[in-house]
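Chain residues, written in single-letter form:
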Amino acid sequence: MERRLWLGTLAVAVGASVATTLALSALYEPKPSPPPEPPRHVKTYRLLDVMHEFQTYSTKLYFAGTAGNQELASWYSWKLESALRDVRQGKIEPYAYNGWDAIELAEMLEEPIADLNVSIKEGDWKAFESKYDRLLQTCNACHAATEHAFVIVSAPKGDQAPRNQKFD
């Protein structure tokens, strides 16, 4: 009986020792690294995609400006700047044509947009129209420089607003 008691005590002691060892080893065991952060989406697209965005935003900018809506015109001007920033930051497929690089082409639009922003900020809607025309002339000059002179952009005609949006 004494032997059984001794074996029972030994079994309990061994069990406790194993449990303690396992618990301690779990504490000191290197924890697995957290899973890597999922990659952030980086917008990479073609220059033509940027020009489509530019066309949409510049058309909406025109309607907002001719309606004298300073807040909306500022928003669409910012959208134009964002599209150009994507190009300048190399978020498009590499593009070079007729000796022009996409980044150089985007830089051509910076000054006309900055001038437009001045007229928007000041609420000078008469100056807005001439500065908007200068922006489009710059677009057309770029098209000509890259042998795409057949792509001619102009200010919208009439009162038909695009995509059923109100601009006033």
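Look up a bit, the structure's there.
Residues numbered from 1 in each chain as written. Predicted model: local features only at pLDDT ≥ 70, side-chain atom pairs only at ≥ 80, totals over all residues. Heavy atoms only, no water.

**Student:** For this particular structure, what's the right way to read the pattern of salt bridges?
**Tutor:** The tally for this structure, following the rule as stated, stands at 4 salt bridges. One salt bridge connects glutamate 110 with arginine 88, and the closest N-O pair in it is separated by 3.0 Å. Of this pair, glutamate 110 sits in helix H5 (residues 110-122) while arginine 88 sits in helix H3 (residues 70-88), and the two are 22 residues apart along the sequence. A relative accessible area of 34% places glutamate 110 in the partly exposed class. (Salt bridge = Lys/Arg side-chain N within 4 Å of Asp/Glu carboxyl O. Helix = DSSP H or I, 4+ residues; strand = E, 2+ residues; numbered from the N terminus. Buried < 20%, exposed > 50% of the residue type's maximum accessible area, 1.4 Å probe, protein only.)

**Student:** Hey, could you run me through the packing of helix H2 (residues 47-66) against helix H6 (residues 125-145) in this one?
**Tutor:** The geometry of a pair of packed helices is captured by two quantities: the angle between their axes and the separation between those axes. For the pair H2 and H6, the least separation of the axes is 10 Å and the interaxial angle reads 165°. Classified by the angle between their axes, H2 and H6 sit roughly antiparallel to one another. The two elements H2 and H6 meet at a crossing, and its hand is left-handed. Only Trp125, Phe128, Glu129, Tyr132, Leu135, Cys139 and His143 of H6 make contact with H2, whose side of the interface consists of Met51, Phe54, Ser58, Thr59, Leu61, Tyr62, Gly65 and Thr66. Grouping the amino acids of the contact of H2 with H6 by side-chain chemistry returns 9 nonpolar, 5 polar and 1 charged. (Axes fitted to C-alpha atoms, helices over the stretch in contact; angles between N-to-C directions. Parallel < 35°, antiparallel > 145°, perpendicular 65-115°, else oblique. Left-handed = near helix turned anticlockwise from the far one by under 90°. Contact = heavy atoms within 4.5 Å. Nonpolar A, V, L, I, M, F, W, Y, C, P; charged D, E, K, R; others polar.)

**Student:** Explanation requested: the packing of H5 against H6 in the structure shown.
**Tutor:** With their axes 9 Å apart at the nearest point, H5 and H6 run at an angle of 170° to one another. Looking at the two axes, H5 sits roughly antiparallel to H6. With respect to the hand of their crossing, H5 and H6 are arranged in left-handed fashion. Every residue of H6 that contacts H5 at Glu111, Pro112, Ile113, Asp115, Leu116, Val118, Ser119 and Ile120 is listed here: Trp125, Ala127, Phe128, Lys131, Tyr132, Arg134, Leu135 and Thr138.

**Student:** Can you walk me through the environment of glutamine 137 in this structure?
**Tutor:** Examined against the element boundaries, glutamine 137 turns out to sit in helix H6. A sequence separation of 15 residues divides glutamine 137 from isoleucine 152, and the C-alpha atoms of the two residues are 9.0 Å apart.

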